[in-house]
Amino acid sequence: MRLRTRYVVSCVGIVFLVCTYELYVNSGAARDLMRSVSGERFQHDNDDFIHGGRGIRRRVMVRREDTVRYTADHNQRALLVNTSSQSLVTITADEFRKNNDIKSGNPLIDEYGSNDLHRTGEMGRGVTFVGTEKKKVAEAIEKYHLNVIASDLIPLNRMVPDSRLSSCASRTYEHDLPTTSVIVPFFDEWPSILLRTVYSIVNRTPRHLLQEVILVDDGSQMEELRKPLSEYIKNNFPAGLVKLIRLPVRTGLIKARIQGWKISQGQVVVFFDSHMEVNIDWVQPLLTEIKKNRKTVAMGVLDYVNSETFEYRFNEGYLTRYGFDWRLVFFETFFRQDQVGITEDAPRPGAVMVGAAYAIDSKYFGEIGSYDEGMKVWGGENLEMAWRVWMCGGRLIHLPCSHLGHIARTQPYSFPGGRHHIEVYNYRRAVEVWMDPQHKNFIYDHFPDMKTMDSGDITERLKLKERLHCKNFTWYMENIWPELAVFDRNTFAWGSARNLQDNRCLDNHQYLFQAPDNLFAEECHHHLASQGFSWRQDKLLQTSLQCVVLKQMFDGARPMLEDCIIGPRDTWLHEKNGFIKHEKSGLCLDMDGSGPVMRTCQPAAISQKWQFNKYNY
C-alpha cells in the first residue's frame with residue numbers, strides 16, 4: 001500500500017512538472033528569454049515559407065486580449081475597440097502631421113513602440129491553438145480563408161520584426177519627400193485585419209509624409225464594416241487622416257482603386273490590399289526614387305503574414321523579382337547578377353509587378369492611363385500596367401529597403417460570371433492593346449476561348465498607346481523580360497520536338513524557375529506552354545523559360561532544363577527529322593523508358609531522330 005501511494009504521488013509530481021514546463025515554454029516571456037540567450041533575432045521560421053524548408057511552429061498559449069472581445073463560439077464577430085460615441089482623438093490630421101510630439105489621445109498610436117512584447121502575436125509571432133479551440137479555428141478558416149480568431153487576439157498596433165537587409169538600417173533619407181496617400185480598397189475584410197493594416201501605416205510612416213489613408217468600401221455586406229467602422233475611424237484617428245468612402249455597389253478592386261485615387265490629395269499614391277502590415281521605414285525608399293524620376297513605379301518587397309497563424313515571415317536577404325509566361329502565370333523568381341547594383345540595397349529593375357504595395361506619382365498615374373477601367377473586378381491589371389509603364393517611357397523598380405507584410409490567401413470572393421471568365425476577359429483587353437500579333441498567338445495557344453472573346457471597346461486604350469508614343473512588345477521582350485522564349489524569333493526550328501520512334505514530345509512540365517530541373521517527354525499534345533521548344537540560330541535549345549543543358553557529359557546522362565541567361569548556354573546541332581546533338585560532348589538526344597537520355601550517336605537509331613513542327617530552312 002505504501003509503495004502504491006509513493007508511486008501515485010510520484011506520477012502526480014511528474015505530471016505537475018511537465019505541465020509547469022509546458023506553460024513556461026509556451027509563454028511569451030520564456031520564448032523571448034530563450035531567444036535572448038541564443039542570440040536569435042525575431043525572424044520567425046523565415047526560411048520555411050517560399051522554398052519549402054521545414055521550420056519549428058511555435059505553440060502559443062492563447063490569452064484573451066483587450067484589443068477585441070472574443071466569444072468561444074465566435075458567432076458574434078469581434079466588436080471594434082471604442083465604438084462608443086466618445087472620441088479618444090480630438091486633433092486634426094494637419095496637427096498630427098506638423099508635430100511629431102503631439103499626442104493623439106489614442107494609446108494605440110501614442111504608446112506605439114512601447115508595446116508589451118509578451119502579448120499574443122507581438123513582434124510578428126504566430127498564434128497556434130490547442131485543444132477544443134482548434135476546431136473553431138478550422139471552421140473559421142474554412143469560412144473566411146484565414147484565421148479571424150487569431151487576428152482578433154493580436155494587438156491592432158502590434159510591432160513586426162525588421163525584415164530589411166542589415167545595410168538598410170543605416171540609410172538616411174531626405175526630410176523633404178513627396179506627401180503620400182495610401183489607398184486601401186476592401187470588400188468584407190475582417191475588421192481587426194483591416195484596422196491592423198491602418199494602424200501599421202499610421203504608426204510606421206513618418207507623420208509629415210502621410211497625407212491620408214483612404215479606405216474604399218467596395219460594397220461590403222458585413223454589418224461591422226458599416227456604422228461601427230465609421231464610428232471607430234471618427235473616434236480613434238486624427239480628423240481627416242483616415243478617410244472612408246463607400247461605393248454603392250461592388251465594382252471590383254480595379255475600379256475601387258481608381259475611385260480612391262480620384263479623391264486623393266497626396267503627391268504620391270500607394271495602393272494596398274486590406275490585409276497588410278508595413279515594416280520599418282517602408283515608404284521613404286519608394287518616395288526617394290519617385291522624387292528622382294517621377295515616371296517611376298516603385299515597389300516594396302513583400303513579406304508573408306501566414307493566414308492561419310498570423311506569423312510575420314520573411315527570408316533574410318531574399319529579394320523577389322516577378323515574371324510571367326505565355327499562360328500569363330505570375331510567379332516569383334530571382335534577380336540576375338547583372339540586375340544587382342553596386343550595393344545590395346540599390347534599386348533593381350522589375351519586369352512585372354504585384355497589384356499591391358507599389359507607389360507612383362499621382363499625376364503621372366493619370367498621365368500614363370491609371371488603370372484600364374474597362375477591366376472587371378480583379379486580375380491582369382498588374383501585368384497590363386507593367387507592360388504599359390515600360391513601353392511608354394516609365395520605369396518599374398524594386399526597392400530592397402522597403403518591406404511590407406502581406407497575407408497570402410485564396411480568394412474568398414465570388415466573381416460575377418466566374419473567376420476564369422473575368423480573368424480571361426481582362427487578359428484579352430491587355431493582350432489586344434499591348435502585344436504584337438506573334439505574341440498574341442502564343443497566348444491564344446493556351447487560351448483558345450480568349451481568341452474569339454469580345455474584349456469590349458478598347459479604342460481609348462489604343463489612342464493612349466499612340467498618344468504616349470509607346471514602344472512595341474518586341475522591345476519589351478528583348479529589353480525587359482528576355483527570359484521568356486519567343487518561339488518563332490531567330491530560330492531554325494520551333495514548335496514541339498517529337499521523337500520519331502515513340503511519338504513522345506519533349507516537355508518542360510510547365511517549369512517556371514531558373515534552377516536546374518528535369519527535362520521530360522510526354523504524349524504529344526503540342527501546347528506551347530509545356531511542349532514549346534525552339535532550336536535557335538545561336539544553337540541554343542530553348543523552351544518557355546529555360547534552355548536544355550547537359551550537366552554531366554557521359555553516355556546515359558540525363559539532359560536538364562536551366563535558365564538560358566545565367567545557365568551554361570549549351571549549344572546543340574540538329575539535322576531536320578534527325579539527330580539533336582549536344583555540341584560539346586558529341587552525344588545525341590535519345591529516349592528510353594524514363595524519358596530523354598544522352599547516348600553515343602548512332603545514325604541508324606530511330607530513337608535518336610527528332611522532328612519539330614515547323615522549320616525555317
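To be clear, the structure that these remarks concern was listed above.
Residues numbered from 1 in each chain as written. Predicted model: local features only at pLDDT ≥ 70, side-chain atom pairs only at ≥ 80, totals over all residues. Heavy atoms only, no water.

Here the focus is the packing of aromatic side chains. A full pass over the atoms with the stated rule returns 28 aromatic pairs. We note Arg348 situated over the ring of Phe335; from NZ or CZ to the ring centre the distance is 5.2 Å. If you follow Lys471 out to its NZ or CZ, it ends over the ring of Trp475, 4.7 Å from the centre. (Phe/Tyr/Trp six-rings, centres within 6.5 Å; stacked < 30°, edge-to-face > 60°. Lys NZ or Arg CZ within 6 Å of the ring centre and 35° of its normal.)

Here we take up the environment of Ile201. Structurally, the position occupied by Ile201 is in helix H7 (residues 191-204). Judged by its relative accessible area of 0%, Ile201 falls in the buried class. Sequence-wise, Ile201 and Val278 are 77 residues apart; in three dimensions their C-alpha atoms are separated by 6.3 Å. Contacts of Ile201, omitting those with residues within four sequence positions, involve Val182, Val184, Leu210, Val213, Phe272 and Val278. (Helix = DSSP H or I, 4+ residues; strand = E, 2+ residues; numbered from the N terminus. Buried < 20%, exposed > 50% of the residue type's maximum accessible area, 1.4 Å probe, protein only. Contact = heavy atoms within 4.5 Å.)

This part covers the state of the cysteines. This structure, assessed with the given rule, holds five disulfides. The disulfide partner of Cys547 is Cys564, and the gap between their sulfur atoms is 2.1 Å. Residues Cys547 and Cys564 are joined by a disulfide whose S-S torsion is about 105 degrees; by sign, that bridge is right-handed. In this pair, Cys547 sits in strand S19 (residues 547-549) while Cys564 sits in the loop between strand S20 (560-562) and strand S21 (572-574), placing the two residues 17 residues apart along the sequence. Each disulfide pairs two cysteine sulfurs, and for Cys588 the partner residue is Cys601, the sulfurs being separated by 1.9 Å. Looking along the S-S bond of the Cys588-Cys601 disulfide, the torsion reads about 95 degrees, which is the right-handed sense. Pair noted here: Cys588 is in strand S23 (residues 587-592) and Cys601 is in the loop between strand S24 (595-600) and strand S25 (610-615), with a separation of 13 residues, a long-range link. When its relative accessible area of 1% is taken as the criterion, Cys588 is described as buried. By sequence-ordered numbering of the bonded cysteines, the protein has its disulfides arranged as 1-3, 2-4, 5-6, 7-8, 9-10. (Disulfide = S-S within 2.5 Å.)

To continue, consider the environment of Val377. Along the chain, Val377 turns up in the loop between helix H11 (362-367) and helix H12 (381-391). By relative accessible area, Val377 is classed as buried at 10%. Not counting residues within four places of it along the chain, the set of residues in contact with Val377 comprises Arg250, Thr251, Gly252, Leu253, Ile254, Phe415, Pro416 and Ile422.

The next subject is the pattern of salt bridges. Scanning all chains against the criterion turns up 36 salt bridges. Among the ionic pairs, Asp361 bridges to Arg294, the shortest N-O distance being 3.4 Å. Of the two residues, Asp361 sits in strand S11 (residues 358-361) while Arg294 sits in the loop between helix H10 (284-292) and strand S6 (296-305), which places them 67 residues apart along the sequence. A salt bridge links Asp538 to Arg569; the nearest nitrogen and oxygen atoms lie 3.7 Å apart. With Asp538 in the loop between strand S17 (533-536) and strand S18 (541-542) and Arg569 in the loop between S20 and S21, this pair connects stretches of sequence that are 31 residues apart. Asp538 sits in the partly exposed class, given a relative accessible area of 33%. Three or more residues joined by partner-sharing salt bridges are found here, namely Arg321, Arg336, Asp338 and Glu483. (Salt bridge = Lys/Arg side-chain N within 4 Å of Asp/Glu carboxyl O.)

Another aspect to go through is the nonpolar core. If you look at the biggest cluster of nonpolar residues, it comprises 132 residues, and the most contacted ones within it are Phe272, Phe324, Trp326, Tyr358, Trp387 and Tyr476. Leu506, Leu519, Ala557 and Leu561 belong to the second largest nonpolar core, which has 21 residues in total. (Core = buried A, V, L, I, M, F, W, Y, C linked by side-chain atoms within 4.5 Å.)

For the rest of this paragraph, the subject is the packing of helix H13 (residues 419-434) against helix H16 (residues 459-467). To characterise two packed helices, one gives the angle between the axes of the helices and the distance between these axes. Between H13 and H16, the shortest axis-to-axis distance is 10 Å and the interhelical angle comes to 40 degrees. Crossing of H13 over H16 shows right-handed handedness. Between H13 and H16, the contacting residues are Arg429, Glu432, Val433 and Trp434 on the first element and Arg461, Leu462 and Lys465 on the second. Residues that form the contact of H13 with H16 fall into these classes: three nonpolar, no polar and four charged. (Axes fitted to C-alpha atoms, helices over the stretch in contact; angles between N-to-C directions. Left-handed = near helix turned anticlockwise from the far one by under 90°. Nonpolar A, V, L, I, M, F, W, Y, C, P; charged D, E, K, R; others polar.)

Structurally, the position occupied by His421 is in helix H13. Taking relative accessible area as the criterion, His421 reaches 35% and is therefore assigned partly exposed. For His421 and Met453, which are 32 residues apart along the polypeptide, the C-alpha to C-alpha distance reads 9.7 Å.

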